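# Summary of the model geometry
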Amino acid sequence: MPQSLSSPHADRALARPQTGAAAPVRLSGEVYGTLINLSGRRRFTSQRVVLYAVLAMQGRDDALAMSREALAVFRDAHAALVDGSDKLPGLYCDELREAYFGAAGADRVIRAFIELAERVLEAIPLRTRAVPALLEQLVESATPLLGVLNGVTQVYEDLAKRQASTVKKQLVGVMSDIETIAKQARIVSFNAQVIAARAGDSGREFAVVSAELTQITGKLDGLVREAMRTSVA
């Protein structure tokens with residue numbers, strides 16, 4: 001009998017707070033890349049499940065094993081995205097909770113596909129009368145499933161773009177602050193040079209410090225220009 005897929009992940013996800021003033025989660029670009037890759041992979045593997053199930057029904061060697069392997073990859077990717085793992089955050093924001101458990105019901109559609117695929121793959125070797133009807137249902141479910149998967153993957157992509165934009169704006173702001181400090185340091189350095197010149201021999205040590213400050217502000221200017229150039233590229 002296929003394992004029920006309706007409650008464990010869904011119950012845990014729905015138990016998470018839906019609203020509140022929780023601090024936003026900031027993920028690295030690498031994590032976002034993994035999330036988008038996993039979500040996109042479900043589109044590919046779902047089609048492999050259906051394709052090889054059809055071929056298995058036609059008697060092609062190894063097709064049944066390949067369909068089961070694709071289904072395992074599909075199931076594991078979905079579990080990692082919803083439940084999270086040591087390296088993945090699961091449903092860490094309202095947009096993802098809405099995508100999976102809101103009106104679109106992505107989690108429900110995905111789990112229904114998994115359950116139906118398991119039934120088909122268990123029935124094919126038995127050659128029962130129900131196999132053709134079950135397989136037809138699986139084939140028909142593939143197209144709406146793709147639409148759901150495309151929608152969820154787009155959510156991950158939008159979240160990644162939004163964070164990248166936020167980080168870039170913050171970097172530009174920090175660089176602007178540093179540039180302001182550098183300008184102030186140049187003024188201090190210039191004034192120090194004037195004072196050192198007026199002090200004559202007694203101001204030589206002060207002049208050395210002033211010169212060093214000038215070199216530091218020059219390097220800082222270069223770093224700021226490079227950071228600004230990179231951040232707005």
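Provided above is the structure to which this section pertains.
Cut-offs used in this document
Residues numbered from 1 in each chain as written. Predicted model: local features only at pLDDT ≥ 70, side-chain atom pairs only at ≥ 80, totals over all residues. Heavy atoms only, no water. Core = buried A, V, L, I, M, F, W, Y, C linked by side-chain atoms within 4.5 Å. Buried < 20%, exposed > 50% of the residue type's maximum accessible area, 1.4 Å probe, protein only. Helix = DSSP H or I, 4+ residues; strand = E, 2+ residues; numbered from the N terminus. Contact = heavy atoms within 4.5 Å. Axes fitted to C-alpha atoms, helices over the stretch in contact; angles between N-to-C directions. Parallel < 35°, antiparallel > 145°, perpendicular 65-115°, else oblique. Left-handed = near helix turned anticlockwise from the far one by under 90°. Nonpolar A, V, L, I, M, F, W, Y, C, P; charged D, E, K, R; others polar. Expected span 1.5 Å × (residues − 1).

### Brief notes about the nonpolar core
One finds Leu35, Tyr92, Leu96, Tyr100, Val120, Ile124 and Leu138 to be the most contacted residues of the largest nonpolar core, which totals 50 residues. Looking at this core, the elements with two or more residues in it are α2 (29-57), α3 (63-83), α4 (94-101), α5 (106-123) and α6 (131-199). With 13 residues, the single largest contributor to this core is α6. Residues within four places of valine 120 in sequence aside, it is in contact with Ala53, Leu134, Leu135 and Leu138.

### Quick look at the packing of α2 against α3
The contact between α2 and α3 brings their axes to 8 Å, and the two run at 155°. Of the possible angle classes, the one that applies to α2 and α3 is roughly antiparallel. Note that α2 runs across α3; the crossing there is left-handed. Of the residues belonging to the contact of α2 with α3, the class tally is 17 nonpolar, five polar and three charged.

### A few points about the environment of leucine 27
Topologically, leucine 27 is positioned in the loop between α1 (8-15) and α2. Put simply, leucine 27 and glutamine 163 are 136 residues apart on the chain and 8.2 Å apart in space, counted from C-alpha to C-alpha. Setting aside anything within four residues of it in sequence, one finds leucine 27 in contact with Tyr32, Leu35, Pro89, Tyr92 and Gln163.

### Let's talk about α5
Relative to the 26 Å expected for 18 residues at 1.5 Å per residue, α5 spans 26 Å between its end C-alpha atoms, a close match to the ideal helical length. Taken residue by residue, α5 has Ala106, Asp107, Ile110, Arg111, Phe113, Ile114, Leu116, Ala117, Glu118, Val120, Leu121 and Ala123 as its buried positions.

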